[in-house]
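Single-letter residue listing:
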Amino acid sequence: MRQISKRATYAAAAAAVLLLAGCSSGGGAAAPAAPASQAPSVSTGGSGQSGQAAVDAITIKDFGYQAPTSVAPGSTVTVTNMDPQSHTVTSDDGSSFDAVVAGDGGTATFKAPTKPGTYKYHCTYHGNMHGTLVVK
């Protein structure tokens, strides 16, 4: 049962990204969106073994990160923020990735590092928020 709801969450996040990609209004600071050519290659499993860019999802809720077990190198990571406050997903090394995500369902995307490894991240606005992105 848990797997079904996890897949449904990933599918909903991917659908929201595709719908929002069609909007032409600006709306604040966010990480650059992935090119539209990557939209059809949505992967909810995070394996990235199809040869196409995968889309993986991080959800922010109740000042915490809900992240996939791992993502493929170079995959597109979509972040959805369910909290009313803005948050970031900022790599601790300061250069691997950085996404600013508006509250109340806002989304942003970033590219996962191409080098496999474990990347710790945090919210620059809320010092108690930490997570780990595993790239493999």
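Structure report, in brief. Predicted model, so just to flag it, every value in this text is computed and none were measured.

### Some thoughts on the packing of aromatic side chains
When we look at a pair of aromatic rings, we describe it by the centre distance and by the angle of the planes.
So, step 1. Following the criterion strictly, the structure yields three aromatic pairs and no others.
So, step 2. With a centroid separation of 4.8 Å and an interplanar angle of 80°, the aromatic rings of Y65 and Y121 are classed as edge-to-face. Remark: Y121 occurs in strand β7 (residues 117–122) and Y65 occurs in strand β2 (residues 64–66); sequence separation between them is 56 residues. Here Y65 matches Y121 in class, with each residue buried.
So, step 3. An angle of 15° between the planes, with centres 4.7 Å apart, marks the rings of F97 and F110 as stacked.

### Focus on the side chain of T88
So, step 1. Within the fold, T88 resides in strand β4 (residues 87–91).
So, step 2. For T88, a relative accessible area of 1% puts it in the buried group.
So, step 3. Among the polar contacts listed, one links the side chain of T88 to the side chain of T90, at a separation of 3.0 Å.
So, step 4. Other than its neighbours up to four places away in sequence, T88 contacts Y65, D98, A99, V100, H122, C123, T124 and Y125.

### Some points on the sheet that holds strand β5 (residues 98–101)
So, step 1. If you trace the four strands from one edge of the open sheet to the other, you get β5-β4-β7-β8, paired in antiparallel fashion. Taken across any chain shown, the strands that pair with only one partner, and hence form the sheet edges, are β5 and β8 (130–135). Mean inter-strand twist for the sheet, computed between neighbouring axes without regard to direction, equals 20°.

### Quick look at unusual backbone geometry
So, step 1. The backbone of D62 shows a phi angle near 55°, a positive value even though the residue is not glycine.
So, step 2. Structurally, the position occupied by D62 is in the loop between β1 (55–61) and β2.
So, step 3. A positive phi angle, close to 60°, is found at D104, a residue other than glycine.
So, step 4. Note that D104 resides in the loop between β5 and β6 (106–111).
So, step 5. Residue classification places D104 among the exposed residues on the basis of a relative accessible area of 61%.

### Observations regarding the pairing of β4
So, step 1. Here β4 lies mainly inside the structure; five of its five residues are buried.
So, step 2. Residues H87, V89 and S91 point to one face of β4 and T88 and T90 to the other, with burial holding for every one of them.
So, step 3. Of the strand pairs in this sheet, β4 and β5 are connected by four bridges, and their pairing is antiparallel. Paired with V89 across the bridge in β5 is A99.

### Examining the nonpolar core
So, step 1. I58, Y65, V89, F110 and L133 are the most contacted members of the largest nonpolar core, which has 19 residues in total.
So, step 2. Of all the elements in the fold, those that place two or more residues in this core are β1, β3 (76–81), β5, β6, β7 and β8.
So, step 3. Filtering out sequence-adjacent residues up to four positions away, Y65 remains in contact with I58, T59, I60, T88, V89, Y121, H122, C123, M129, H130 and G131.

Scoring rules and cut-offs
Per chain, the residues get numbers from 1 upward, laid out in the order the sequence is written. The predicted nature of this model means local features are confined to residues of pLDDT at least 70 and side-chain atom pairs, given and counted, to a pLDDT of 80 or more, with totals for whole chains, interfaces and linings taken over all residues. Side-chain numbers come from the whole structure's heavy atoms, not from hydrogens or water. Aromatic rings from Phe, Tyr and Trp, taking only the six-membered ring of Trp, are treated as a pair when their centres fall within 6.5 Å; an angle between ring planes under 30 degrees marks them as stacked, one over 60 as edge-to-face, and anything in between as tilted. Numbering of helices and strands runs from the N terminus; a helix is a DSSP stretch of H or I covering at least four residues, while a strand is a stretch of E covering at least two. Burial here depends on accessible area, computed with a 1.4 Å probe over protein chains only, as a share of the maximum for the residue type. Under 20% is buried, over 50% is exposed, and the range in between is partly exposed. N or O atoms within 3.5 Å of each other form a polar contact, as long as, within protein, one can give a hydrogen and the other can take it, and as long as residues adjacent in sequence are counted only when both atoms are side-chain atoms. Any pair of residues with heavy atoms lying within 4.5 Å of one another is described as a contacting pair. Pairs of strands are assigned from DSSP output, requiring at least two bridges between the strands. Here an axis means a line fitted to C-alpha atoms, over the contact stretch when the element is a helix, while the angle between two N-to-C directions is reported on a 0 to 180 degree scale. The nonpolar core is taken to be a set of buried Ala, Val, Leu, Ile, Met, Phe, Trp, Tyr and Cys residues, with the residues joined through side-chain atoms within 4.5 Å.

Limitation: the analysis is restricted to geometry and does not speak to function.
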